Amino acid sequence: MNLTAIAAIYRFEMARTFRTLAQSVISPVLSTSLYFIVFGTAIGSRIDQVEGVSYGAFIVPGLIMLTVLTQSISNASFGIYFPKFIGTVYELLSAPASFFEITAGYVLAAATKALAIGLIILGTAFFFVDLQIQHPVWMVTFLVLTCLSFSLFGFIIGIWAQNFEQLQLVPLLAVTPLVFLGGAFYSISMLPEGWQAVSLFNPVVYLVSGFRWSFFGMADVALGWSILAICGFLMACVVTIGWIFRTGWRLRP
Amino acid sequence: MPHSILTVDRLEKTYDGGFRALDAVSLDIRAGEILALLGPNGAGKTTLISAICGLVQPTGGKVTVGGHDTVTAYRAARALIGLVPQEINLEPFEKVINTVRFSRGLFGKPRDDAFLERILRQLSLWDKRDQPIRSLSGGMKRRVLIAKALSHEPRVLFLDEPTAGVDVELRRDMWEVVRQLKEDGVTIILTTHYIEEAEAMADRIAVINGGRILLIEEKEALMRRMGRKEMRIELREPIARVPAALEAFGLSLDESGAWLTYGYDTQADRTGIVRLLTALQEAGLRVADVETKQSSLEEIFVGLVKEGAEE
């Protein structure tokens, strides 16, 4: 295994992150703080507790998920799209590195950045609400698995995209609605029954529910389903990327 | 005879649309040589390089580098190859030294700053190592590409049009760099459509067109074999037509009537020069001056490509 190649890609990608640190970190922290102020404080003060948890605290896991999902996808998709766009992808394709190593380098870097931002937002949340984490190990596990699987998903989007518009399309048209409708700001049980059933087809529901459980010990769906959903998504992404590199789809004509 | 370091055996590439970019290309590249791959635009030069280096999936045939198959043993094969692409494909915001370090790591080599310093100095890039790539001139960027390709100590270097869009002075600079690399024992395969470049640097020349190798030969031998020489003879007194006694020589007379041109093959047993000069004297023509001219590689090349097209 060419571990040096993984390390080289990882370092190179992280260097880009540090070069654009302000834009990488400040903007997600700022937007999440705005969510806290608007939803948590202004609107939340008029909403009763949700199953014993103050509304301000209730939305914290969902907010972190929202940011971590979008960050993972945009970091990883940009990470691989940019070399394609400027042509430096020739070097990756001609290197003695397998698809696993190339993917690992980009995905680990994207996931690291998303994880860091997730943790920063968690830290920010403590300034706004009274928060306790009941299952910290599970919380970190969920966070890490989410960062990894959605970075893999972003990597696929980056390979698929043939222009910047397509690069923005999936996060904008699919991911944001799925997260907003995935119970980030409410409990599924608050919905009418019909919509509850529909929600169960939304994969993000399982993520948010499991993640929220690690904070407050309450969940919309059983914990096992949440773990199964995220592991299933992770595997689906790995299989897709394996196929991409085997066939050379969009990379190697 | 030096052993071959790269073998291309009936390599084929047909794109999905049905376009056949490589048609059973076979090549044998000797360790330490400079091979110039000549061909017009769209001849298949870049596709050939891309198929060898792993950027394009061949649809048939086989390539080995240092005995390693580029498909089944791609790690060992690719580790021996450095590729300098035709386009300036670089991360604009990255520093020179970081991008070169990245390349070395990507090819699985442990960090070695002393080695990279030597390369950067050799390419006159050491002073610019901490500058972002976008601040460099076009020629310097091309050098960065070469530095990246050399960073993992390859034994075969592909230079795809290394001097395209580079001014004359820089081009000569680049030739010097290539010569140094050859001295260091690197095998170089260079594509170009500047004949001058092939003539100045190559040991052997391959001509490719329409995805097929039309010929591969020692440069000197090629120029000798294909080279026709012309002798131009200036007469003291102009004449109106070539005298009948000289018809057998196939001479042509220019408009002024003062210059006769005689074409001959340098490889022929008899060039016919002595006989011609004697015949001129016998016909009563007095010679003022004689000059000879060898056809250049460019003329040979144009002739070949035309021939190929007419087939």
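Residues numbered from 1 in each chain as written. Chains lettered and ligands numbered in written order. Predicted model: local features only at pLDDT ≥ 70, side-chain atom pairs only at ≥ 80, totals over all residues.

In this structure, A:Met65, A:Val107 and B:Ala36 are the most contacted members of the largest nonpolar core, which totals 141 residues. Considering each element in turn, this core owes the most residues, 16 residues, to helix 3 (residues 55–86) of chain A. Sequence-distant contacts of A:Val107, defined by excluding residues within four places in its chain, comprise A:Ala76, A:Leu148, A:Ser151, A:Leu152 and A:Phe155. (Core = buried A, V, L, I, M, F, W, Y, C linked by C-beta atoms within 7 Å. Buried ≥ 20, exposed ≤ 12 C-beta atoms within 10 Å, placed from the backbone. Helix = DSSP H or I, 4+ residues; strand = E, 2+ residues; numbered from the N terminus. Contact = placed C-beta atoms within 7 Å.)

Let's shift gears to the confidence of the model for chain B. Across chain B, pLDDT averages 89, with 97% of residues at or above 70. On the interface metric, ipTM, the complex scores 0.89, and its pTM is 0.85. (pLDDT = per-residue confidence, 0-100.)

All right, on to the domain arrangement of chain B then. Along its sequence, chain B is organised into domain 1 (4–224) and domain 2 (228–294). A straight line from the C-alpha centre of domain 1 of chain B to that of domain 2 of chain B covers 46 Å. (Domains from an automatic or database assignment.)

Looking now at the sheet that holds strand 6 (residues 81–84) of chain B. All names here are of chain B. A sheet is described by the order of its strands in space; here 6 strands give the open sequence 6-7-8-3-9-10, paired in mixed fashion. Where the open sheet ends on each side, the last strands, each with one partner, are strand 6 and strand 10 (212–218). Sheet twist, expressed as the mean angle between neighbouring strand axes with direction ignored, is 15°. In this structure, strand 7 (residues 156–160) lies alongside strand 8 (residues 187–192), joined through 5 bridges in parallel fashion. (Pairing = 2+ DSSP bridges. Axes fitted to C-alpha atoms, helices over the stretch in contact; angles between N-to-C directions.)

Contacts between the two partners involve 22 residues from chain A, matched on the other side by 27 residues from chain B. Of all the secondary structure elements, the ones that give two or more residues to the side of chain A that touches chain B are helix 1 (3–19) and helix 4 (89–94) of chain A. With 8 residues, helix 1 of chain A is the single largest residue contributor to the side of chain A that touches chain B. Residues of the side of chain A that touches chain B, tallied by class, amount to 13 nonpolar, 6 polar and 3 charged. (Nonpolar A, V, L, I, M, F, W, Y, C, P; charged D, E, K, R; others polar.)

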